[in-house]
Amino acid sequence: MARTAVVAGTATAVSNRVSRRQANRWSAQQEPAPPPQQQYQEPPPPAYAPPPPADDTPDMLDQLQKLGELRAAGVLTEAEFAAQKAKILAG
């Protein structure tokens, strides 16, 4: 009878050990992989130049009006007027 108890106890211990090993292997396989590390990426530059601030518009209109008056008065030639106008509109 003692012999049967020793054999049964050993069998139970071995069975528990095998069960634990299998459970550990399965849990290791089922763990999700850690997410890849995100790397910093600079945002792309804007595809176009931003428009000038709205506050410059009245000033620009005033300059163009004065420029037109100088051309009408004969102070500026057509070429000079066009060059100055391009400068004002360019910013």
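Because the structure is predicted, anything quoted here is derived from the model rather than measured. (Residues numbered from 1 in each chain as written. Predicted model: local features only at pLDDT ≥ 70, side-chain atom pairs only at ≥ 80, totals over all residues. Heavy atoms only, no water.)

1. Concerning the overall build of the chain
From N to C terminus, the chain includes 3 helices and 0 strands. Mapped from its N terminus to its C terminus, the chain presents α and β elements in the order α-α-α. Taking all 91 residues of the chain together, the buried fraction comes to 5%. As displayed, the chain has an accessible area near 8600 Å², and 58% of this comes from carbon and sulfur atoms. (Helix = DSSP H or I, 4+ residues; strand = E, 2+ residues; numbered from the N terminus. Buried < 20%, exposed > 50% of the residue type's maximum accessible area, 1.4 Å probe, protein only. Areas by Shrake-Rupley, 256 points an atom, 1.4 Å probe, with all protein chains shown as cover.)

2. Section: a positive patch on the surface
On the surface, Arg17, Arg20, Arg21 and Arg25 cluster together into a patch of positive charge. Mapped onto the fold, Arg17 is located in helix H1 (residues 2-30). (Patch = residues over 30% accessible without salt bridge, like charges linked within 9 Å, V, L, I, M, F, W, Y side chains within 5 Å. Salt bridge = Lys/Arg side-chain N within 4 Å of Asp/Glu carboxyl O. Lys, Arg positive; Asp, Glu negative; His and termini not counted. Charge placed at Lys NZ, Arg CZ, Asp CG, Glu CD.)

3. Observations concerning the environment of Arg71
On the secondary structure map, Arg71 appears in helix H2 (residues 56-72). Of the residues examined, Arg71 reaches a relative accessible area of 33% and is grouped as partly exposed. Along the sequence, Arg71 and Phe81 sit 10 residues apart, while their C-alpha atoms lie 6.5 Å from each other. Setting aside anything within four residues of it in sequence, one finds Arg71 in contact with Leu76, Glu78 and Phe81. (Contact = heavy atoms within 4.5 Å.)

4. A closer look at helix H3 (residues 78-90)
For H3, with 13 residues, the first-to-last C-alpha span of 18 Å sits near the 18 Å given by 1.5 Å per residue. Positive backbone phi, at 115°, marks Gly91, one or two positions downstream of H3. (Expected span 1.5 Å × (residues − 1).)

5. Focus on the confidence of the model for the chain
For the chain, the mean per-residue pLDDT works out to 77, and 67% of the residues sit at or above 70. Predicted confidence in the chain is weakest over H1, with a mean pLDDT of 72, and strongest over H3, with 90. (pLDDT = per-residue confidence, 0-100.)

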